[in-house]
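Below, each chain spelled out in residue letters.
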Amino acid sequence: MLRDLLLVLLAASTALGAALPTTTACITPQKRPSWHDMRETDKKAYLAANVCLLTSPQKLNRLPGAKTRWDELVSLHQIHALQIHTTGQFLPYHRYYLNILSFLLQECGYSGPLPYWDETRDAGKFSSSPVFDPATGFGGSGKGPQNCVADGPFVNLTVNIGPGFKSQPRCVNRRITNALSNQCGATQVAAATSGSTYTQALDAIYSGPHLLGHMALAMMDGDSITSSGDPLFFLHHGFMDKMWWDWQSKDLTKRLKDISGLNAQDPAVGFSEFPGGMEVESAMWGKPTPEILAVTPDPTSGDGGKTITLGHVMSSLGIIPNVTVADVMDIKGGYLCYEYV
Ligand SMILES: *[C@@H]1O[C@H](CO)[C@@H](O)[C@H](O)[C@H]1NC(C)=O
Ligand SMILES: *[C@@H]1O[C@H](CO)[C@@H](O)[C@H](O)[C@H]1NC(C)=O
Ligand SMILES: [Cu+2]
């Protein structure tokens with residue numbers, strides 16, 4: 001009897017624990033370094049844990065096309081693509097997405113810092129960045145018709161999610177264009193973070209260093225929907241996250257609460273970088289399949305309308321607990337506990 005009661009209580013508290021992030025005070029924020037400054041042992045351990053995820057079996061049994069644990073992470077981005085690009089969700093969801101990677105890396109024994117890439121140091125000359133070192137980095141620009149990476153830790157590894165909404169095995173691939181990487185320089189970053197509202201910062205970061213950085217790297221066939229198949233994606237997005245935080249830090253009182261925009265793409269606009277809207281995107285990448293739509297979360301969850309609020313619920317479809325936008329506004333708020341150095 002007592003034992004049953006205890007089990008019920010335990011079950012109730014576990015369910016609660018799964019639904020809500022535990023918020024403890026952030027006493028010692030983990031320091032996230034730029035790849036340039038990361039210790040070599042940490043670099044190697046970080047890369048090895050990424051390889052481990054790319055070669056470990058999937059666990060959830062519900063994400064369409066996912067064969068590996070890495071595929072599940074990529075699938076999450078594919079499933080959410082039409083909610084998290086050119087929308088208010090862009091910065092909070094990608095901050096959460098970095099945290100999901102951090103959790104997954106722990107499964108592969110890595111609990112060190114999540115690196116970012118201070119692209120201002122390599123603007124205009126991306127290809128000579130230490131990020132692409134074959135021994136202590138991600139390997140360089142791809143080779144051959146598919147631009148498959150030809151050196152570094154990800155040679156011959158397969159991602160099964162993408163391109164677009166498809167699930168077809170592809171090599172890890174990228175193509176570096178130095179000229180486009182000019183737009184990730186200090187001047188451009190300063191301009192992107194000079195606005196006074198979230199809307200301004202979001203637009204400027206999104207269509208400035210974010211987009212041009214993606215174009216300069218053309219990861220996974222330059223596909224916005226599944227570019228996270230290349231582990232390098234997370235270094236680029238760490239840089240975006242830092243940019244958002246640097247902008248927030250200029251006026252924390254206001255900016256820890258400033259959120260705006262739609263919670264899913266406006267069908268008339270789609271990805272704003274493709275004038276012509278959803279039609280043009282669909283021509284390039286197709287449309288979400290019925291299997292993908294079946295697991296796609298309601299983009300208005302927690303908002304009660306089409307506009308994003310601090311109560312907006314973000315989901316990782318069971319990899320880690322759901323969180324709200326409010327949970328990720330402060331990188332030292334308790335749910336998150338890190339800083340950029
Ligand atoms: C990658 O695969 C090719 C073809 O199977 C093989 O020749 C090559 O040795 C492999 N490279 C690595 C680093 O495993
Ligand atoms: C997580 O959020 C999604 C999308 O809002 C929702 O469908 C799902 O039920 C939530 N899961 C939990 C455990 O709350
Ligand atoms: Cu994205």
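The rules behind the values
- Residues numbered from 1 in each chain as written.
- Chains lettered and ligands numbered in written order.
- Predicted model: local features only at pLDDT ≥ 70, side-chain atom pairs only at ≥ 80, totals over all residues.
- Heavy atoms only, no water.
- Donors = N, O, S within 2.8 Å, 3.2 Å for Na, K, Ca; no water.
- Buried < 20%, exposed > 50% of the residue type's maximum accessible area, 1.4 Å probe, protein only.
- Helix = DSSP H or I, 4+ residues; strand = E, 2+ residues; numbered from the N terminus.
- UniProt positions renumbered as here; feature names shortened; annotations may be inferred.
- Contact = heavy atoms within 4.5 Å.
- Near = heavy atom within 4 Å.
- Polar contact = N/O pair within 3.5 Å; in protein donor to acceptor, adjacent residues only side chain to side chain.
- Areas by Shrake-Rupley, 256 points an atom, 1.4 Å probe, with all protein chains shown as cover.
- Phe/Tyr/Trp six-rings, centres within 6.5 Å; stacked < 30°, edge-to-face > 60°.
- Lys NZ or Arg CZ within 6 Å of the ring centre and 35° of its normal.
- Disulfide = S-S within 2.5 Å.
- Salt bridge = Lys/Arg side-chain N within 4 Å of Asp/Glu carboxyl O.
- Axes fitted to C-alpha atoms, helices over the stretch in contact; angles between N-to-C directions.
- Parallel < 35°, antiparallel > 145°, perpendicular 65-115°, else oblique.
- Left-handed = near helix turned anticlockwise from the far one by under 90°.
- Nonpolar A, V, L, I, M, F, W, Y, C, P; charged D, E, K, R; others polar.

- Identification of the protein as Tyrosinase copper-binding domain-containing protein from Apiosordaria backusii is taken from an unreviewed UniProt entry.

Topic: the coordination of the copper ion (ligand 3)
- The copper ion (ligand 3) binds to the protein through H77 (NE2), H85 (NE2) and H94 (NE2); the donor distances cover 2.0 to 2.1 Å.
- The exposure class of H94 is buried, given its relative accessible area of 4%.

Remarks on the environment of A294
- Looking at the secondary structure, you find A294 in helix α10 (residues 290–295).
- Separated by 232 residues in the primary sequence, A294 and R62 have C-alpha atoms spaced 10.0 Å apart.

Details of the UniProt feature "domain: Tyrosinase copper-binding" (unreviewed entry) in the protein
- Mapped onto this structure's residue numbering, the UniProt feature "domain: Tyrosinase copper-binding" (unreviewed entry) falls at residues 230–241.
- Across residues 230–241, helical content stands at 75% and strand content at 0%; the span's end C-alpha atoms are separated by 18 Å.

Some remarks on the environment of D42
- In this fold, D42 is placed in helix α2 (residues 40–54).
- As a C-alpha pair, D42 and D203 span 161 residues in sequence and 34 Å in three-dimensional space.
- Discounting residues that sit within four places of it in the chain, D42 has contacts with Y110 and P113.

As for the site of ligand 2
- Taken together, P297, S301, V313, S315 and N322 form the complete shell of residues around ligand 2.
- S301 places a polar side-chain atom, nitrogen or oxygen, 2.9 Å from an oxygen atom of ligand 2.
- Contact distances for ligand 2 include 2.4 Å between an oxygen atom and a side-chain N or O atom of N322.
- When ligand 2 sits alone it has 360 Å² of accessible area, and the protein chains cover 49% of it.

Some points on the packing of aromatic side chains
- Using the criterion set out here, one finds 17 aromatic pairs in the structure.
- Ring-pair connections join several aromatic residues into one group, and the members of that group are W70, Y93, Y96, Y97, F233 and F234.
- The side chain of R32 reaches across the aromatic face of Y338, ending 3.4 Å from its centre.

Description of the state of the cysteines
- Under the definition given, this model contains three disulfides.
- Shown here is the disulfide that connects C26 with C337, its sulfur atoms set 2.0 Å apart. When the S-S torsion is 80°, as for the bridge of C26 with C337, the disulfide is right-handed. Residue C26 is located in the loop between α1 (2–19) and β1 (30–32), and its partner C337 is located in the loop between α11 (325–328) and β6 (338–340); the two are separated by 311 residues in the primary sequence.
- C337 sits in the partly exposed class, given a relative accessible area of 24%.
- Two residues, C52 and C108, share a disulfide whose sulfurs are 2.0 Å apart. Between C52 and C108 the disulfide shows an S-S torsion of about -70°. By sign, it is left-handed. Separated by 56 residues along the polypeptide, C52 in helix α2 and C108 in the loop between α4 (90–107) and β2 (158–159) bring together distant segments of the chain.

Section: the pattern of salt bridges
- What the rule picks out here adds up to 15 salt bridges.
- With its nearest N and O atoms 2.5 Å apart, the salt bridge here joins R170 to D221. Here R170, found in strand β3 (residues 170–171), pairs with D221, found in the loop between α6 (198–217) and α7 (233–249); they are 51 residues apart in sequence, far enough to count as distant.
- Given the relative accessible area of 45%, D221 is considered partly exposed.
- A salt bridge links D246 to K242; the shortest N-O distance between them is 2.9 Å. Here the residue D246 and the residue K242 both occupy positions in helix α7, the gap between them amounting to four residues, near one helical turn.
- Several salt bridges share partner residues, and in doing so they unite K59, R69, E72 and E107 into one network.

Brief notes about the packing of α4 against α7
- Direction vectors running N to C along α4 and α7 enclose 130°, while the axes themselves pass 10 Å from each other. In terms of orientation, α4 and α7 fall into the oblique class. α4 and α7 meet at a crossing whose hand is left-handed. Facing F90, L91, P92, H94, R95, Y97, L98 and L101 of α4, the residues of α7 in contact are F233, F234, H237, G238, M240, D241, W244, W245 and Q248.
- Among the residues making up the contact of α4 with α7, the classes are represented as 11 nonpolar, four polar and two charged.

Some words on the side chain of H94
- The topology assignment puts H94 in helix α4.
- Within the local environment of H94, its side chain forms a polar contact with the side chain of H77, the two groups lying 3.4 Å apart.
- Apart from residues lying up to four places away in sequence, H94 is in contact with H77, I84, H85, Q89, F233 and H237.

Some points on the packing of helix α3 (residues 69–84) against α4
- The geometry of α3 relative to α4 is characterised by a closest axis approach of 11 Å and an angle of 170° between their N-to-C directions. Overall, the two elements α3 and α4 adopt an arrangement that is roughly antiparallel. In this structure, α3 contributes R69, W70, L73, V74, L76, H77, H80 and I84 to the contact, and α4 contributes F90, Y93, H94, Y97, I100, L101, F103, L104 and E107.
- Looking at the contact of α3 with α4 residue by residue, the classes come out as 12 nonpolar, three polar and two charged.

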